[in-house]
Amino acid sequence: MAELQIQKLVKRYGDFHAVRDVSLTVADGEFLVLLGPSGCGKTTTLRMVAGFIEPTAGQVRLGGTDITSLPPWKRNAGMVFQSYALFPHLTVAQNVAFGLEMRKAARPEIDKRVEETLALVRLEGYGGRLPRQLSGGQQQRVALARALAIHPDVLLLDEPLSNLDAKLRQEVRVEIRELQQRMGLTTVMVTHDQEEALTMADRLVVMSEGSVRQVGSQRDLYERPADRFVAGFVGRSTFLDGTVEAPGRFRTDGGLSLTCAGGQVSNGGGKASLSLRPERLEVAAAPMAGLDNCLPGTVEFVSYLGAMIDIHVRLSPADRLVVQIANREGGFTPDVGQTVHVGWRASAGQVFNK
Amino acid sequence: MTTRRLALNAAATVTLLYLLTPLIFVTWLAFFRQEIPSFPPEGYSLHWFAAIFDEPKFVSGFTLSFQVGALATAIGLLLGVPAALCVTRFQFKMRAPLASLLLLPLIVPGVVLGTAMYVFHVNLENTLDVDVLGTFYALVAGHVVIVMPWVVRLVTTSLAGVDRTTEEAAQNLGATAWVTFWRITLPAIRPGIVAGALFGFVTSFGNLELSLFLVAPGHTTLPIVILQYLEWKIDPTIAAVSVVQILLIAIAMLITDRYVKLARIV
């Protein structure tokens, strides 16, 4: 295992910037997740690390060595593909042995390593089967075993769970994460699924339109999103649009004057958004005391989600919020059309320039 | 539902009979006893099959056709497989025209192709001052042109079905581009290669028009021998030759089908 460094990586296709100036360091044994919507450049970045795409500019260093211009077969990176990309004409054992054969390992050594690796992914006894005789989950594990068998310096996972059904996905997440921790694998995973990213990562990188928006832990991204995009992409946010009229004062487009956390405001009265987490808002039939903001509104829509209930409240003709409340027995559940009061502390919100 | 099914089966049967009738009659004829092919048969006999071997031209024609077909197919594969890879895998300016050009011999009438090659060979012979016209290798070279479109076509179809990420996976595991081709791509397109070779060989083996322009007098391919024989004599020997030819091709297809399911490719 080794440290992976990505320095000022750029990929341009004509005028289109697929990846703009991405710099990241993945520490030895760290699980880094690149998270973003499709087309954000996360897969292009991963493929540049694997060597399938030649960067327009920048450097990839693995264990201190510059590998930017090495062909894929000279990089010791194990990759798990979204489609698994198993060799259909080879058995499971032959698939896993492939990388070792390429490294000219001796036959007894190969057989031993194949057996060990298959045991690692709980596929003992499946060595003689062909990929098409396995279920999706088993194929996924063969793909993982094949990448691990070569003892890669870095493990690259390209949406490895997206072809599994929801229940299996949750199990495999934990399984891969435990394996990664036990073996101390330096790992980079690409995904658009934030729950998957949050479950598995040591550190996350949120990307959008080819650029890194924020790098941090789960808590960093959730509590202190760097911009409106991250606030909306990681977890849920509900936004009020308006302007900052004075430090600590936010005026919505609908004319409501709100108290917001100070310090984070200074954009000269330009357009801004106040971002709030729906579960940090409180709702009650009567005005609430002790909160920085408390406003009356009309319930427009209620969605019952089981453990949670979403309540859409209109505060003014231009302002609407989503409040999420826990579905407690005997708890307050307003009906559509009812007038309620919504309140929150100033620290629950964050103002972003638009 | 059942009437529709019946209509469908009836249509299929009629079509199949339409296709098979000539083959059935030729086969039947090969076993007639009388020399003049007329119905009804006066009796049955196997002696027309023996007659094939009394005519050395048939044997030498068969040998030549087989040699030309085999060599042309081998060369067609060596050229056609890389050509198919080239037009499916690489983006370049002349890609679409090149792809069409490679299939063109399927569309151009054999007579036109033969005339063009004849003229070409005459010019080549005059320019280089070596024997070209009527040589075995000139004949093979001509047949390569009609074999190659089949190889290109069927291999291209196979290549379209290859999962490119398996090739990336191989490279990721340490295989060079060349090793990736041998170990991953080639096994995946093998059915296309086998089918291309089979169809190419059959096309070459049965070709008449092109060969007419390229053979030397007295040393000709089987279809030309058959044609020449028919010009002065009509007896069931020809039918017997055809039956042998049909059988050989059928056996080749059956053997091929054991290794690759032809129905899946063609």
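Criteria and thresholds
- Residues numbered from 1 in each chain as written.
- Chains lettered and ligands numbered in written order.
- Predicted model: local features only at pLDDT ≥ 70, side-chain atom pairs only at ≥ 80, totals over all residues.
- Helix = DSSP H or I, 4+ residues; strand = E, 2+ residues; numbered from the N terminus.
- Buried ≥ 20, exposed ≤ 12 C-beta atoms within 10 Å, placed from the backbone.
- Contact = placed C-beta atoms within 7 Å.
- Axes fitted to C-alpha atoms, helices over the stretch in contact; angles between N-to-C directions.
- Parallel < 35°, antiparallel > 145°, perpendicular 65-115°, else oblique.
- Left-handed = near helix turned anticlockwise from the far one by under 90°.
- Nonpolar A, V, L, I, M, F, W, Y, C, P; charged D, E, K, R; others polar.
- Pairing = 2+ DSSP bridges.
- Domains from an automatic or database assignment.
- Expected span 1.5 Å × (residues − 1).
- Bend = angle between axes of the 7 residues up to and from the residue.

Draft legend 1. Structural context of the overall build of chain B. Counting its secondary structure elements, chain B contains 12 helices and zero strands. Its helices and strands taken in sequence order, chain B reads α-α-α-α-α-α-α-α-α-α-α-α from the N to the C terminus. With the principal axes as the frame, chain B shows a C-alpha extent of 70 × 70 × 30 Å. Across the 266 residues of chain B, 32% fall into the buried class. Across chain B, the fraction of contacts at a sequence separation of at least 24, relative to all contacts at a separation of at least 6, is 75%.

Draft legend 2. Summary view of the packing of helix H3 (residues 56-89) of chain B against helix H8 (residues 177-206) of chain B. All names here are of chain B. For the pair H3 and H8, the least separation of the axes is 9 Å and the interaxial angle reads 140 degrees. One finds that H3 runs oblique with respect to H8. Here H3 runs over H8; the crossing is right-handed. Counted together, Ser65, Val68, Gly69, Ala72, Thr73, Gly76, Leu77, Gly80 and Val81 of H3 and Ile193, Gly196, Ala197, Gly200, Phe201, Ser204 and Phe205 of H8 form the full contact between these two elements. Its residues placed into classes, the contact of H3 with H8 shows eight nonpolar, eight polar and no charged.

Draft legend 3. Representation of the pairing of strand E11 (residues 238-246) of chain A in the model. Residue and element names in this part refer to chain A. Taken together, the six bridges between E11 and strand E14 (residues 271-276) define a ladder with antiparallel strand orientation. Within the sheet, the bridge partner assigned to Thr238 lies in E14 and is Leu276. A loop of two residues connects E11 with strand E12 (residues 249-252), the two strands running antiparallel in sequence, and Gly248 in this loop sits at a positive phi of about 85 degrees.

Draft legend 4. Summary view of unusual backbone geometry. Residues and elements named next belong to chain A. With a phi angle near 60 degrees, Lys104 is a residue other than glycine that sits in the positive phi range. The topology assignment puts Lys104 in the loop between helix H2 (92-102) and helix H3 (107-120). Overall, Lys104 belongs to the exposed group, with 8 C-beta atoms counted inside 10 Å. For Glu159, which is not glycine, the phi torsion reads 45 degrees and is therefore positive. Following the sequence through the fold, Glu159 ends up in the loop between strand E7 (154-158) and helix H5 (166-183). What makes Glu159 buried here is the crowd of 20 C-beta atoms within 10 Å.

Draft legend 5. Representation of the interface of chain B and chain A. Counting residues at the interface gives 15 residues for chain B and 17 residues for chain A. Contributing elements (two or more residues each) for the side of chain B that touches chain A: helix H7 (164-172) and H8 of chain B. Of the residues in the side of chain B that touches chain A, the class split is seven nonpolar, six polar and two charged.

Draft legend 6. Molecular detail of the environment of Thr243 of chain A. All names here are of chain A. Its place among the elements puts Thr243 in strand E11. Take Thr243: there are 18 C-beta atoms within 10 Å of it, and that puts it in the partly exposed class. The spacing of Thr243 and Leu32 is 211 residues in sequence and 36 Å in space, taken between C-alpha atoms.

Draft legend 7. View of the domain arrangement of chain A. Segmenting chain A into domains produces domain 1 (4-228) and domain 2 (236-353). One C-alpha centre belongs to domain 1 of chain A, the other to domain 2 of chain A; they are set 40 Å apart.

Draft legend 8. Local environment of helix H1 (residues 2-29) of chain B. All names here are of chain B. Between its terminal C-alpha atoms H1 stretches 38 Å, which fits the 40 Å expected from 28 residues at 1.5 Å a residue. The sharpest bend along H1 comes to roughly 45 degrees, located at Leu20, with the proline Pro22 sitting one to four residues further on. Counting buried residues in H1 gives zero out of 28 residues, a small share hidden from the surface.

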